[in-house]
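Survey of secondary and tertiary structure
Residue strings, one per chain:
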Amino acid sequence: MTSPALTSALPARVHHLQPAGLTALAVALVVVLPDLFGDEGRLAAVLVLQLGLVLTWVVVTGIEGFGGSLAVGAAAAVAADLVLVLPGRPSLGGLLVVLGVGFLAAVLQQMLRRPREDLVASLSGAVLLLCAVTALAALLLLGRSPAGSGRALVALLAVGAALVVGHLVDLVLPRPSLATGVPRGLLGLVLAVVAGALVAYLGRGVSGISGALPALVAGAVLAGVTAMVALVASYVVVEATGVDEEEPAPRRAAHADPSLSPWALSVVQAVLPLAACAPVALALQAVL
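Calculation rules
Residues numbered from 1 in each chain as written. Predicted model: local features only at pLDDT ≥ 70, side-chain atom pairs only at ≥ 80, totals over all residues. Heavy atoms only, no water. Axes fitted to C-alpha atoms, helices over the stretch in contact; angles between N-to-C directions. Helix = DSSP H or I, 4+ residues; strand = E, 2+ residues; numbered from the N terminus. Parallel < 35°, antiparallel > 145°, perpendicular 65-115°, else oblique. Left-handed = near helix turned anticlockwise from the far one by under 90°. Contact = heavy atoms within 4.5 Å. Nonpolar A, V, L, I, M, F, W, Y, C, P; charged D, E, K, R; others polar. Expected span 1.5 Å × (residues − 1). Buried < 20%, exposed > 50% of the residue type's maximum accessible area, 1.4 Å probe, protein only. Patch = residues over 30% accessible without salt bridge, like charges linked within 9 Å, V, L, I, M, F, W, Y side chains within 5 Å. Areas by Shrake-Rupley, 256 points an atom, 1.4 Å probe, with all protein chains shown as cover. Salt bridge = Lys/Arg side-chain N within 4 Å of Asp/Glu carboxyl O.

**A word on the packing of helix 3 (residues 66–85) against helix 5 (residues 119–136)**
Look at helix 3 against helix 5: their axes get within 9 Å of each other, and the N-to-C directions meet at 30°. With respect to helix 5, the element helix 3 is oriented roughly parallel. Every pair of crossing elements has a handedness; the one defined by helix 3 and helix 5 is right-handed. Taking contact as the criterion, the partners of Val 72, Gly 73, Ala 76, Ala 77 and Ala 80 in helix 3 are, on helix 5, Leu 129, Leu 130, Val 133 and Thr 134.

What follows is the structure in structure tokens.
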């Protein structure tokens, strides 16, 4: 939880415009590469997102044991992809094995490093990273069948629209504030959900969802998950770059330039919501 006096040192345009642009790029990657290169393109797109999230997450959250955390995260990403690519009839159940082994590897990696500082925080960050990279692997099953390709396209566009709209609205008017010091507002969250639902409604012919109401519900669910996880990602950014308003002005000025790359922060903001939505989109594809 952020301190009541903690605010992000990032300018609002960096906090919102760069993640919005990277979101559009990530969605385009997952949509275009499978269309051009089939399953190989889908695997390449997902692996790029996974490895990008691993690197930036370890940097942004400051997990102790930099090299070991990178190795565990990258190994989990590759293992999750193989579990869903190699079998003839893959299922998400195989990811439980990856999560179990990955958790043990993360615990060992954190316990064996020296000095053993910030153990709980680092282990928590590592576990969340494992969940995110394995969740991204669900994109490998989204739209693999010819009948599901249109539904996958609409789901990805709904998620992308929700993220972009939420960032653009919060850039202009982050009100009413959802959390102290975090530049995200209720208006942006609501309009993000509306945008996702509208995309799903307009694309119901492509997705094959029968009826306007199921399409609206599916889009709203995806967009709602997207907006909430985007808020969490903004928390992470504020924690990583925040300055304490109760400090004297000269000390605040000294912290005004964040040491972290704004692009690393933006990758986390763009990819983490996509990771959370991947299993949800797959579940909706199976249900509707």
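Don't stop here, the text continues.
**Some remarks on the packing of helix 1 (residues 12–37) against helix 11 (residues 262–287)**
Put simply, helix 1 and helix 11 touch, their axes get as near as 8 Å, and they point 55° apart. Classified by the angle between their axes, helix 1 and helix 11 sit oblique to one another. The crossing of helix 1 and helix 11 is right-handed. Seen from helix 1, the contacting residues are Val 14, His 15, Gln 18, Pro 19, Leu 22, Thr 23, Ala 26 and Val 27; seen from helix 11, they are Pro 262, Trp 263, Ser 266, Val 267, Gln 269, Ala 270 and Leu 274. Taken together, the residues that form the contact of helix 1 with helix 11 break down as 10 nonpolar, 5 polar and no charged.

**Overview of the environment of Ala 132**
Among the secondary structure elements, Ala 132 is positioned in helix 5. The sequence separation of Ala 132 and Ala 276 amounts to 144 residues, and the corresponding C-alpha distance is 6.9 Å. If near-sequence neighbours (up to four positions away) are discounted, Ala 132 is found in contact with Leu 53, Leu 272 and Ala 275.

**Looking at helix 2 (residues 39–61)**
An α-helix turns once per 3.6 residues; consequently, residues spaced three or four apart project the same way. With 23 residues, helix 2 extends 32 Å between its outermost C-alpha atoms, agreeing within 8% with the 33 Å of an ideal straight helix rising 1.5 Å per residue. Among all positions of helix 2, only Gly 41, Arg 42, Ala 45, Val 46, Leu 49, Gln 50, Leu 53, Val 54, Thr 56, Trp 57, Val 58 and Val 60 are buried. Close packing links the buried residues of helix 2 with helix 1, helix 3, helix 5, helix 9 (212–241) and helix 11. At the C-terminal side of helix 2, Gly 62 shows a positive phi close to 70°.

**Looking at a nonpolar patch on the surface**
Together, Val 172, Leu 173, Leu 178, Leu 186, Leu 187, Val 190, Leu 191 and Val 194 give the surface a local cluster of nonpolar side chains, amounting to about 630 Å² of exposed area. In terms of residues, the nonpolar patch owes the most to one element, helix 7 (residues 186–202), which gives 5 residues. When you line up the elements, Val 172 lands in helix 6 (residues 146–172). Its relative accessible area of 68% is what places Val 172 among the exposed residues.

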